[in-house]
Amino acid sequence: MLKGIGASPGIVLGKALVIEETELVIERKVVTDCEAEVLKLRNAVQVSKEELTKVKEKALVELGEHEAEIFEAHLLVLEDPELVESAVSKINDEKVNAEYALNEIKEMFVSMFEAMDNEYMRERAADIKDVTNRVLRHILGVKVIDLADLAEEVILVAHDLTPSDTATMDKKKVLGFLTDIGGRTSHTAIMSRTLEVAAIVGLTNATKEIKDGDFVVFNGDTGEVVINPDEETIATYTKLKADFEEYKKALELLKGQASCTTDGRHVELAGNIGTPNDVEGLIKNDAEGVGLYRTEFLYMDRTDFPSEEEQYTAYKAVLEGMSGKPIVIRTLDIGGDKKLDYLPMDEEMNPFLGYRAIRLCLDRKEIFITQLRALYRASVHGKLRIMFPMISSLEELLQAKEVCEEVKAQLKAEGIAYSDDVEVGMMIEVPSAAVISDVLAKHVDFFSIGTNDLIQYTCAVDRMNQKISYLYNQFNPAVLRLIKMVIDNAHKEGKWAGMCGESAGDQLMIPILLGFGLDEFSMSPISILPARKLINSLRYEDMQNFSNEVLSLGTAEEIKAYVEKTFNK
Ligand code: PEP
Ligand code: MG
């Protein structure tokens, strides 16, 4: 038995196809006919380009524009003279063979990109590797398993899967993936959820422990894999699979339905997004709105700030894409672990407690004003809700609201239209804001609780630090009391309270939050229908009593165990 990180749910039983990493053996050879080597290289590049164009077209039809972009990026790598022409020069200058020259240039670029500060640029190193290895295989004549043409249904077992693997594979034949590396947000994991193929990542030794042709069963939820299971295990998994299919069918039936408890309390189930492309997934999962659009992604992976026009286009796309449903757009939340290459910042001892989010925006007002202008201009295209991140005091909230007024006055003077119906709210992710939420509630239209940060600040636990992750717990009674207090304070002022931290989509947290009176839950699109299913089965009055009992317990462990026991999880 192996245990990894459940990346995409599903129960799978089938035969393993282990994809061996074919080590590309690259030797340095001195050649006399440089022209022949250059020709070899150019031919291999050409064949690779043709392949990639086909892959891109297939991805475009089967996966959509966003996923196809990666192959466009691969094609651009091959079209970049820096890469191919540098290899040609190396062949001519050093009189070496094509594969050696290309491999050397590849290594140089990869180490350059891997050393960069920016995560996006580091990921580009993987693209360069993927695409140059394709060319190298053509030069060397190395055959690879063609995932587009599989003879039978299989479970793919690999060290990792490349974007070209996931895009070209025959989805009808691939029952699931198991990989050695990766986390919940790695490319393979995200792809498996987009494709709705069950997957487990981060298994460490899957390619060593599983042999080609082994019979394997796995659970994409729990991350458990059993290799060559006994009859009893097979029977258990067969039953689990049938239950899962039933569950999926039941979820489909929930599309178009309200999210409402058995005694008639309606809540809003919204989705969290990072780019306008994510709207597709929201519609597919029947989101009732967007509860968090993290606009910082618009600012990342580039060399300068996005213009007002560019931002306006993105915000308009989301507002229109969701056809009038409410959209919470969060203003820039940069700093902490999210840095911009073009915005140099001083080294900080505690970046999460540092110059970030609203603090930065109030200091660099020109950045904030550009974003707010784009937001108000886009407001005529749908139902916009603006939200400020990291507010820790009333002063900050009032200052941020003042900038909104300034921007509206500017637009008015310029004769540019904006909606008068824009709600303005703030995230509650800093304990000081939760504590004075009675005061803050008077000045906002809504609160959205960011548990991801609220947990780390309340418990003084760095959310990125593996070593102390046992202390980072959403069931911590201090966190739960703050959440309850924030919701009550919002309601006292007649305002609504939502949540956009990961806890909002958590099946064990939902009953508690519902009982606390949370009005809006915003989560990853894939969690929306399961959340609706759960909410539709609960009675609000019972959950109020239940959540009161939860608040009387003293430890996170007790609370979690109590929820699990009550809901049979
Ligand atoms: C949060 O802190 O809960 C939140 C939703 O914001 P982020 O994860 O972007 O910090
Ligand atoms: Mg946050």
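*Asks:* Talk me through the overall build of the protein chain; I want residue IDs and the actual numbers.
*Replies:* Within the protein chain, the secondary structure is distributed over 23 helices and 16 strands. A compact globule built from 569 residues would reach a C-alpha radius of gyration of about 25 Å, and the protein chain, at 26 Å, matches this within 12%. Principal-axis analysis of the C-alpha atoms places the extent of the protein chain at approximately 85 × 70 × 45 Å. Looking at the protein chain residue by residue over its 569 residues, the buried ones come to 53%. Long-range pairs, those at least 24 residues apart, make up 68% of the contacts in the protein chain between residues at least 6 apart in sequence. If you sum the accessible surface of the protein chain, you get close to 26,000 Å²; carbon and sulfur atoms cover 51% of it.

*Asks:* Could you give an account of the site of ligand 1, naming the residues involved and the relevant values?
*Replies:* Surrounding ligand 1, one finds 13 residues, the nearest of these being Arg 294, Arg 330, Gly 450, Asn 452 and Arg 463. Between an oxygen atom of ligand 1 and a side-chain N or O atom of Glu 429, the distance comes to 3.0 Å. Notes on ligand 1: free accessible area 290 Å², of which the protein chains cover 98%. Those elements that place two or more of their residues in the shell around ligand 1 are strand 10 (290-294) and helix 18 (451-459). Looking at the shell around ligand 1, the element that brings in the most residues is helix 18, giving three residues.

*Asks:* Would you mind going over the pairing of strand 10 in detail, with residue names and values included?
*Replies:* With five of five residues buried, strand 10 lies mostly within the body of the structure. As defined by bridge partners, strand 9 (residues 268-273) adjoins strand 10 across three bridges and the pair is classed as parallel. When the sheet's bridge partners are listed, Asn 272 is paired in strand 10 with Leu 292. Regarding the hand of the β-α-β motif, the stretch spanning strand 9, helix 10 (residues 279-284) and strand 10 is right-handed. Two elements, strand 10 and strand 11 (residues 326-330), share three bridges in a ladder whose sense is parallel. In the sheet register, Val 290 faces strand 11, and the bridge partner there is Ile 327.

*Asks:* Outline the nonpolar core, listing residues and values.
*Replies:* Phe 388, Ile 483 and Phe 521 are the most contacted members of the largest nonpolar core, which has 100 residues in total. When residues in this core are grouped by element, the largest group, eight residues, is from helix 14 (residues 365-378). Beyond its immediate stretch of four places on either side in the chain, Phe 521 contacts Val 267, Glu 268, Leu 269, Ala 270, Met 499, Ala 504, Ile 510, Leu 513 and Leu 514.

What counts and what doesn't
- Residues numbered from 1 in each chain as written.
- Chains lettered and ligands numbered in written order.
- Predicted model: local features only at pLDDT ≥ 70, side-chain atom pairs only at ≥ 80, totals over all residues.
- Heavy atoms only, no water.
- Helix = DSSP H or I, 4+ residues; strand = E, 2+ residues; numbered from the N terminus.
- Rg over C-alpha atoms; globule rule 2.2 N^0.38 Å.
- Buried < 20%, exposed > 50% of the residue type's maximum accessible area, 1.4 Å probe, protein only.
- Contact = heavy atoms within 4.5 Å.
- Areas by Shrake-Rupley, 256 points an atom, 1.4 Å probe, with all protein chains shown as cover.
- Near = heavy atom within 4 Å.
- Polar contact = N/O pair within 3.5 Å; in protein donor to acceptor, adjacent residues only side chain to side chain.
- Pairing = 2+ DSSP bridges.
- Right-handed = clockwise from strand over helix to strand, strands pointing away.
- Core = buried A, V, L, I, M, F, W, Y, C linked by side-chain atoms within 4.5 Å.

Shape descriptors only; they carry no functional weight alone.
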